[in-house]
Amino acid sequence: ADPSQTAAPGTTDNAQTGSGRQIDPDKPMVALTFDDGPYAPVGNRIMDCLAQYGGKATFYVVGERCASYQAELQRMVAEGHEVANHTMNHKYLQKLGAAQIQAQANQGNDAIQAACGVRPTLLRLPGGNHNATVMANAGMPMIQWNVDTLDWKTKNAQSTYEAAMTAQDGDVILMHDIHGPTADAVDMIVPALKAKGFQMVTVSELAAAKGINLENGGAYGALR
């Protein structure tokens, strides 16, 4: 879409994706993020729901899982979701040395790119765990979260939904796309967020809309 024809006055600086999708920086937005996949039985359900309501998400995938779920990853790319790196083997990086940390990030990127053709630009640390060595060697922006649904722990769709619905503008919501109840929760969360006026955007879209430059070696929670 040509933004000069479709944007309201004052919104010509909209963050845009390659699909020409419009994001209104003056309206609230959140980033739904999913860790530990890919896992097609859950991930495809989540994408079905997002497609129905026009939302996009960021999937932090584990490199060693990617060869088994190439079709799911390729669908993420095709539908405008962000595919990001959750390390090669889901290791807690604060327990590793510099070379191992670099390898977990680089090998993860390689495996993801081989599966879907896109090289990630964002990293999520398993457990969110980091120290000075991780910060110095990850070589990518590290995206944390500030709304933790604890979906992996409760495996309860209602409690996951209630946690996600506390979100405010600029929040990064953590879920895991390997549990069936999380997909059940997403079926409630996505329409409810849309009804409240939230745009559901990728992490990179959120950062761009808020004017935040995500720097290699930086760790980020909410993006406001």
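Residues numbered from 1 in each chain as written. Predicted model: local features only at pLDDT ≥ 70, side-chain atom pairs only at ≥ 80, totals over all residues. Heavy atoms only, no water.

Q: I would appreciate a short explanation of the overall build of the protein in the present structure.
A: For the protein, the count of helices and strands is nine helices and eight strands. Against the compact-globule benchmark of 17 Å for 224 residues, the protein has a radius of gyration of 17 Å, which places it among compact chains. For the protein, the spread of C-alpha atoms along the principal axes amounts to about 50 × 35 × 30 Å. Here the protein holds 224 residues, and the buried ones make up 50% of them. Taking the contacts inside the protein whose residues are at least 6 apart along the sequence as the reference set, 74% of them involve residues at least 24 apart. (Helix = DSSP H or I, 4+ residues; strand = E, 2+ residues; numbered from the N terminus. Rg over C-alpha atoms; globule rule 2.2 N^0.38 Å. Buried < 20%, exposed > 50% of the residue type's maximum accessible area, 1.4 Å probe, protein only. Contact = heavy atoms within 4.5 Å.)

Q: Is there a simple way to explain helix α2 (residues 40–53) in this structure?
A: Since there are 3.6 residues in each turn of an α-helix, residues three or four apart along the chain are aligned in direction. Compared with the 20 Å implied by 1.5 Å per residue over 14 residues, the 20 Å span of α2 between its first and last C-alpha is a close match. Among all positions in α2, only V42, G43, I46, M47, C49 and L50 are buried. Along the axis of α2, the buried positions cluster into a sector of 160°, meaning they face one direction only. Along α2, the residues that are exposed and aim more than 90 degrees away from the buried face are A51 and Q52. The elements touched by buried residues of α2 are β1 (29–35), β2 (57–61), α3 (70–78) and α8 (180–195). (Expected span 1.5 Å × (residues − 1). Arc of directions from axis to C-beta.)

Q: Would you mind going over the pairing of strand β6 (residues 172–176) with me for this structure?
A: Both faces of the sheet carry side chains from a regular strand, because those side chains alternate between them. Of all the five residues making up β6, five are buried; the element is thus mostly covered by neighbouring parts of the structure. Burial along β6 is two-sided: V172, L174 and H176 facing one way and I173 and M175 facing the other are all buried.

Q: Is there a simple way to explain the pairing of β1 in this structure?
A: Most of β1 sits out of view: seven of its seven residues are buried. Burial along β1 is two-sided: the face carrying M29, A31, T33 and D35 and the face carrying V30, L32 and F34 are both buried. In this structure, β1 lies alongside strand β7 (residues 199–200), joined through two bridges in parallel fashion. Along β7, the bridge assignment pairs M29 with Q199. As defined by bridge partners, β1 adjoins β6 across five bridges and the pair is classed as parallel. (Pairing = 2+ DSSP bridges.)

Q: Looking at this structure, I do not really get the packing of α2 against α8. What am I missing?
A: Axes are the key here: two packed helices are described by the angle between their axes and the distance separating the axes. Close contact between α2 and α8 brings their axes to 9 Å; oriented N to C, the two are set at 10°. Here α2 lies roughly parallel to α8, going by the angle between them. Judged by residue contacts, V42, R45, I46, C49, L50 and Y53 of α2 engage G180, A183, D184, V186, D187, V190, P191 and K194 from α8. Here the contact of α2 with α8 is built from residues that sort into nine nonpolar, one polar and four charged. (Axes fitted to C-alpha atoms, helices over the stretch in contact; angles between N-to-C directions. Parallel < 35°, antiparallel > 145°, perpendicular 65-115°, else oblique. Nonpolar A, V, L, I, M, F, W, Y, C, P; charged D, E, K, R; others polar.)

Q: Just checking my understanding: could you explain the nonpolar core for this structure?
A: Note on soluble globular proteins: their nonpolar side chains tend to be buried together. Core analysis: the biggest nonpolar cluster contains 34 residues, and L32, F34, I46, F59, L73, I173 and L193 have the highest contact counts within it. Breaking this core down by element, the ones donating at least two residues are β1, α2, β2, α3, α4 (98–116), α7 (157–164), β6 and α8. Among the elements that line this core, the one with the most residues is α8, at seven residues. Ignoring sequence-local partners within four residues, the contact set of F34 consists of I46, A57, T58, F59, Y60, M175, H176, D177, T182 and V186. Counting 16 residues, the second largest nonpolar core, distinct from the first, contains M29, V203, A209 and L223. (Core = buried A, V, L, I, M, F, W, Y, C linked by side-chain atoms within 4.5 Å.)

Q: I'm lost on the pattern of salt bridges in this one. Help?
A: A side chain of one charge can pair with a side chain of the opposite charge when the charged atoms of the two come close. Counted by the stated rule, this structure contains eight salt bridges. Close ionic contact of R124 with D35 constitutes a salt bridge, the shortest N to O distance being 2.8 Å. One end of the pair, R124, is in the loop between α4 and α5 (132–137); the other, D35, is in strand β1, with 89 residues separating them in the sequence. The burial state of R124 is the same as that of D35; both residues are buried. With its nearest N and O atoms 2.6 Å apart, the salt bridge here joins R75 to D48. Remark: D48 occurs in helix α2 and R75 occurs in helix α3; sequence separation between them is 27 residues. Looking at R75, the relative accessible area reads 19%, which means it is buried. For D48, a relative accessible area of 44% gives the class partly exposed. (Salt bridge = Lys/Arg side-chain N within 4 Å of Asp/Glu carboxyl O.)

Shape is all these values report; function is a separate question.
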